[in-house]
Amino acid sequence: MTNDQRLNSESSPSFISPALPPSFMAENPPADRPIRLGIMASGSGSNFEAIAAAIFSGQLHAKIQVMIYNNPQARVLERANRWQIPAVFHNHRDYKRREDLDAKIIETLHEHDVELVVMAGWMRIMTPVLIDAFSNRILNMHPSLLPSFKGGQAVEDAIAAGVKISGCTVHLVAAEVDSGKILMQAAVPVFPNDTRESLHGRIQVQEHRIYPLAIAIAAGGIHRRSAR
Ligand code: GAR
């Protein structure tokens, strides 16, 4: 967490506590084996870091099999190296069609035996090629309270609309962008003097708290389906 994010989290409590409800453990008992994750990221990787930290501190029963990134400058690579997590680079500029990039990504996910795909700031639109190959097994984090403010300018759009509350959403990825089933959300206040950076920083504090919880929920579903 950066100093700004720490300040934000201390001075701006979220409106919705994503603390586990009492029924959570009953509904999502830890499985006898870790869920195998493939994380896709394009940028700083603070969500990747939060997920890795939750795993290594024993709060999330999961293993990151591979981190796929598409931007050679992405800071997430440094983070993956630090956690000693295998990283695979697929440069979207090398592919004429989005479908070809997605086919390559599927190959990598299968090679690393991934069960659940986690988009953590992956800034490319996914095609049905990938969505169908991992149907109901791809999560995305979006920096707004969906269904409000879909798309790539969610934080700016929330400020421009003058909303007083915004937040973040973890959802299953469906063919229509930012539209799949919502798994978890957390809300934060929007202050009159907020900039894109200040509001996004406050939202990210909540992203880092709820992503591991949402992964545990999705993992529970996958474990239950594979036990049948
Ligand atoms: C996150 O804040 C996430 O909400 C946003 O990208 C950021 C990545 O940050 N995702 C989207 O806008 C997806 N449409 P990170 O690289 O530090 O995890």
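For clarity, every value in this text was computed on a predicted model and none was experimentally measured.

A. Region of interest: the UniProt feature "binding site: N(1)-(5-phospho-beta-D-ribosyl)glycinamide" (unreviewed entry) in the protein chain. When the UniProt feature table is mapped to this numbering, "binding site: N(1)-(5-phospho-beta-D-ribosyl)glycinamide" (unreviewed entry) covers G45, S46 and N47. Position of G45 relative to the elements: it lies in the loop between β1 (35-41) and α3 (46-56). Looking at G45, the relative accessible area reads 8%, which means it is buried. Discounting chain neighbours no more than four positions away, the residues touching G45 are V76 and R79. Among the secondary structure elements, S46 is positioned in helix α3. What makes S46 buried here is its relative accessible area of 12%.

B. Seen up close, the site of the ligand. Among the 13 residues in the neighbourhood of the ligand, the closest are listed as G45, S46, N47, H200 and E207. One of the side-chain N or O atoms of Q204 is found 3.0 Å from an oxygen atom in the ligand. Here an oxygen atom of the ligand and a side-chain polar atom of E207 are 2.5 Å apart. When residues of the shell around the ligand are traced back to their parent elements, those giving at least two are α3, β5 (138-142) and α8 (196-227). The greatest single-element share of the shell around the ligand, amounting to three residues, is contributed by α8.

C. Spatial organisation of the sheet that holds strand β2 (residues 62-69). Read from one edge of the open sheet, seven strands run β3-β2-β1-β4-β5-β6-β7, paired in mixed fashion. Edge positions in the open sheet fall to β3 (87-89) and β7 (182-189), since each of these has one partner strand only. Averaged over all pairs of adjacent strands, the angle between their axes in this sheet comes to 20 degrees, without regard to strand direction. One ladder, built from seven bridges, connects β1 with β2; its direction is parallel. Pairing of R36 across the sheet is with K63, part of β2. Along the sheet, α3 contacts β1, β2, β4 (116-119) and β5; its crossing angle with β2, the most-contacted strand, is approximately 160 degrees. Relative to β7, α8 is tilted by about 160 degrees, and along the sheet it contacts β1, β4, β5, β6 (165-172) and β7.

Basis of the calculations
Residues numbered from 1 in each chain as written. Predicted model: local features only at pLDDT ≥ 70, side-chain atom pairs only at ≥ 80, totals over all residues. Heavy atoms only, no water. UniProt positions renumbered as here; feature names shortened; annotations may be inferred. Helix = DSSP H or I, 4+ residues; strand = E, 2+ residues; numbered from the N terminus. Buried < 20%, exposed > 50% of the residue type's maximum accessible area, 1.4 Å probe, protein only. Contact = heavy atoms within 4.5 Å. Near = heavy atom within 4 Å. Polar contact = N/O pair within 3.5 Å; in protein donor to acceptor, adjacent residues only side chain to side chain. Pairing = 2+ DSSP bridges. Axes fitted to C-alpha atoms, helices over the stretch in contact; angles between N-to-C directions.

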